[in-house]
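Close look at the chain arrangement
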Amino acid sequence: MVINLYDSATGKQENIVPRRLGEISMYVCGPTVYDVPHLGHGRFALVFDILRRYMEFLGDRVRYVSNITDIDDKIITRAQQEGRSYAEVAREFEDVWWSAMDSLGVARPDDIPHATEYVSLMVDAIGEMVDKGYAYEISDGIYFSTDSISEYGLLAHQRLDKLRAGARVEENDEKRSQLDFALWKRAKVGEPSWPSPWGEGRPGWHTECVVMSLGILGEGFDIHGGGADLAFPHHENERAQSIALGKSFARHWVHNGWVTVGGEKMAKSLGNYTSLSDFLSRSDPRAYRLLVLRSHYRSPMEVTPRTVSDAEESITRLDLLMRRYRVTSDVATFPDPATTFITMEDALQMGASRDGLDEFCQHMDDDLDTPGALAGVFELARKANSAFDAGATEDAERLAVTVQVLCNALGFTFDATDGKEFDEETRKLVQERDAARAARDWQRADVLRDELMRRGWIVEDTPNGTMLRGR
RNA sequence: GGCGGCGUAGCCGAGUGGUUCAGGCAGGGGCCUGCAAAGCCUUGUACAGGGGUUCGAAUCCCCUCGCCGCCUCCA
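Residues numbered from 1 in each chain as written. Chains lettered and ligands numbered in written order. Predicted model: local features only at pLDDT ≥ 70, side-chain atom pairs only at ≥ 80, totals over all residues. Heavy atoms only, no water.

Let us look at the overall build of chain A. Summing up its helical and strand segments, chain A has 16 helices and 15 strands in all. Each principal axis of the C-alpha atoms in chain A carries an extent, and together these give about 90 × 50 × 35 Å. Sequence separation of 24 or more characterises 73% of the internal contacts of chain A that already satisfy a separation of 6 or more. With the model as given, the accessible surface of chain A reaches about 21300 Å², and the carbon-plus-sulfur share is 47%. Averaged over its 55 positive side-chain charges, chain A has a centre that lies 3 Å from the centre of its 78 negative ones. (Helix = DSSP H or I, 4+ residues; strand = E, 2+ residues; numbered from the N terminus. Contact = heavy atoms within 4.5 Å. Areas by Shrake-Rupley, 256 points an atom, 1.4 Å probe, with all protein chains shown as cover. Lys, Arg positive; Asp, Glu negative; His and termini not counted. Charge placed at Lys NZ, Arg CZ, Asp CG, Glu CD.)

This part is about the sheet that holds strand β3 (residues 23–28). Strand order across the open sheet formed by 4 strands is β4-β3-β9-β10, with parallel pairing between neighbours. Sheet topology places β4 (61–66) and β10 (252–256) at the edges, where each strand pairs with a single neighbour. Across the sheet, the axes of successive neighbouring strands diverge by a mean angle of 20 degrees, strand direction being ignored. When β3 meets β4, the two strands line up parallel, connected through 6 bridges. Note that in β4 the partner of tyrosine 27 across the bridge is valine 65. The strands touched by helix α6 (residues 205–217) within the sheet are β3 and β4, with β3 carrying the most contacts at an inclination of about 160 degrees. Against the sheet, helix α7 (residues 231–244) engages β9 (223–227) and β10, with an angle of about 155 degrees to β9. (Pairing = 2+ DSSP bridges. Axes fitted to C-alpha atoms, helices over the stretch in contact; angles between N-to-C directions.)

The next subject is the packing of helix α2 (residues 73–82) against helix α3 (residues 86–104). The contact between α2 and α3 brings their axes to 8 Å, and the two run at 110 degrees. In terms of orientation, α2 lies roughly perpendicular with respect to α3. On the side of α2, the interface is formed by Ile75, Arg78 and Ala79, while α3 contributes Tyr86, Val89, Ala90 and Phe93. The class makeup of the residues in the contact of α2 with α3 is 6 nonpolar, no polar and 1 charged. (Parallel < 35°, antiparallel > 145°, perpendicular 65-115°, else oblique. Nonpolar A, V, L, I, M, F, W, Y, C, P; charged D, E, K, R; others polar.)

The strands making up a sheet are joined through hydrogen bonds of the backbone, oriented either antiparallel or parallel. Read from one edge of the open sheet, 3 strands run β12-β11-β13, paired in mixed fashion. Both edges of this open sheet fall to β12 (264–265) and β13 (301–302), since each of them pairs with a single strand only. Where strand β11 (residues 259–261) meets β12, 2 bridges bridge the pair, whose relative direction is antiparallel. When the sheet's bridge partners are listed, threonine 260 is paired in β12 with lysine 265.

Looking at the secondary structure, you find aspartate 180 in the loop between α5 (160–166) and β7 (181–186). No salt bridge is formed by the buried aspartate 180; its nearest oppositely charged neighbour, arginine 176, is found at 6.0 Å. Of note is the side chain of aspartate 180, whose polar atom sits 2.6 Å from the side chain of tyrosine 136. In contact with aspartate 180, other than residues within four places in its own chain, are Tyr136, Tyr143, Phe144, Ser145, Thr146, Asp147 and Lys175. (Buried < 20%, exposed > 50% of the residue type's maximum accessible area, 1.4 Å probe, protein only. Salt bridge = Lys/Arg side-chain N within 4 Å of Asp/Glu carboxyl O. Polar contact = N/O pair within 3.5 Å; in protein donor to acceptor, adjacent residues only side chain to side chain.)

A few words on empty space enclosed by the protein. Taken as a whole, this structure holds 4 cavities of 30 Å³ or more when the rule is applied. As a volume, the largest cavity reaches approximately 80 Å³. In this structure, the largest cavity is lined by 13 residues; those nearest its centre are Ala45, Tyr64, Ser66, Trp97 and Pro109. With 3 residues, α3 is the largest single contributor of residues to the lining of the largest cavity. Broken down by class, the residue content of the lining of the largest cavity amounts to 10 nonpolar, 3 polar and no charged. Computed from the structure, the second largest cavity encloses a volume of approximately 60 Å³. Lining the second largest cavity, in full, are Pro31, Thr32, Val33, Tyr34, Asp35, Val36, Pro37, His41, Phe93, Trp97 and Lys268. A per-class count over the lining of the second largest cavity returns 7 nonpolar, 2 polar and 2 charged. (1 Å grid on protein atoms, 1.4 Å probe; cavity = no way out; pocket = protein on both sides within 12 Å on 5 of 7 lines; lining within 4 Å. Points joined across faces, edges and corners; volume = space filled by probe spheres on them.)

Let us now look at the packing of aromatic side chains. By the definition in use, this model includes 14 aromatic pairs. With a centroid separation of 6.2 Å and 25 degrees between ring planes, the pair formed by tyrosine 54 and phenylalanine 57 is classed as stacked. Highlighted residues: tyrosine 54 and phenylalanine 57, both in helix α1 (residues 39–57), separated by 3 residues, approximately one helical turn. Exposure remark for tyrosine 54: the relative accessible area of 2% places this residue in the buried category. Exposure remark for phenylalanine 57: the relative accessible area of 0% places this residue in the buried category. (Phe/Tyr/Trp six-rings, centres within 6.5 Å; stacked < 30°, edge-to-face > 60°.)

Time to look at the domain arrangement of chain A. How big an interface is tends to be expressed through the accessible area that disappears when the partners come together. Domain boundaries in chain A define domain 1 (19–265), domain 2 (307–409) and domain 3 (424–470). Averaged C-alpha coordinates put domain 1 and domain 3 at centres separated by 57 Å. (Domains from an automatic or database assignment.)

For the rest of this paragraph, the subject is the pairing of strand β1 (residues 4–7). Each regular strand carries side chains that alternate between the two faces of the sheet. In this sheet, strand β2 (residues 12–15) lies alongside β1 in antiparallel orientation, the contact comprising 4 bridges. Bridge pairing in β2 places leucine 5 opposite glutamate 14. Hairpin connection between β1 and β2: a loop of 4 residues separates the two successive antiparallel strands, and glycine 11 in this loop has a positive phi of roughly 75 degrees.

This is the structure in structure tokens:
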């Protein structure tokens, strides 16, 4: 099975044929840890988590690398404002990052390189670019000469002269071209710095990802990903450097679209962002994953209180199916998506429906059409409920297990509570109500239901008696 | 100025040149239920506007309007 993905470099959908059969190497630009992450960061993390899981589902071994930029102008600025070290700032916000990732159910990358761990390799690379004539020195550091790369502009889909014509700022007269970017920034007084042949300083942002991706995954790795705004100039600049270094770079480029608010890009600078921690403290984290899955990864995605509560309702529907399924079945052990990637083979072994899996894959293979795949999952859920209603338990369970397995493949977990886990007082009310109902004392039963509802429960009657779920 | 994207029913959001309105949420009707809840069934005459191509277009082409993004740090 081969997945097709839209490639930002060619502008077309391409078969992802890995450089080594059965092994996929993927590098995704991670966050700069200078502040709390917002929903936009959450989206890219989820998109690539889902892509990764799907490739594992197909049976490929994925090596997933995503970096942490832990040295950068913004980190330094913040550290100076708060009178602490850049490392403290970076540590703090990296911790926030990972705890948000855990809540979202994003599995850890296989490798998490930090920029500061690669400074000396970056210095080597910059030296090589200087030696080969791709870089030049001016008063505040070393710059890459974009004119030296004939293909520059591939990812921007623009020619060099057009790009130059559109350049908005001319902040540095010494640069040969406005498009040239810093490889090495000389340290000003009080700034953190590392030694180099060009004096104390720090690497420019665009160098770390080339050095780390090539260093860990090697030449010609399969997929390079990130948010759409990284395509230019960040990824363009990475590419330019790889050419200068004479190394073959990423075979495919994948970029995800924005989270929007009222049609506008969610961004720090616009102040229209919701931080992940705020979101996660108010809403079911799975709702965000569902929102991400429900829109195509390259489309803009609108997040509003209403879309979020819609998503929560949808999740509940699946939760209830899973509860229904577990009531009739002993199978309660599914792999935890946080640590395990389920494969199609596993799925078949667990009794999932071949047709259901095939339809799922058909959508996913088509440029990660998660909305289509998800529609199929809900369709299966409907059929499962139908079969349960009809008493066709065997069919129902096969359908339900398919839903379960596909959702696991997408990184979802379910609320597995059987609706009977609550405090003693509540338990007593439930028992009394069941007794009242058995005695056909409807008045008493209704009083008890009202009481339970007052306590925040949604009350359901099932063949197994009163069931509760939270509101 | 250059390049690119978007505009789909109450809301979100896919999709495709042509029988059955992807799916979710919300709403109407029904079945089930002691009543509910959940579930199931059923119900929507959507594709910014205007031209054109076609036997047939929301889907292709042209124009107009509106919105947004990238070209600077940015997921």
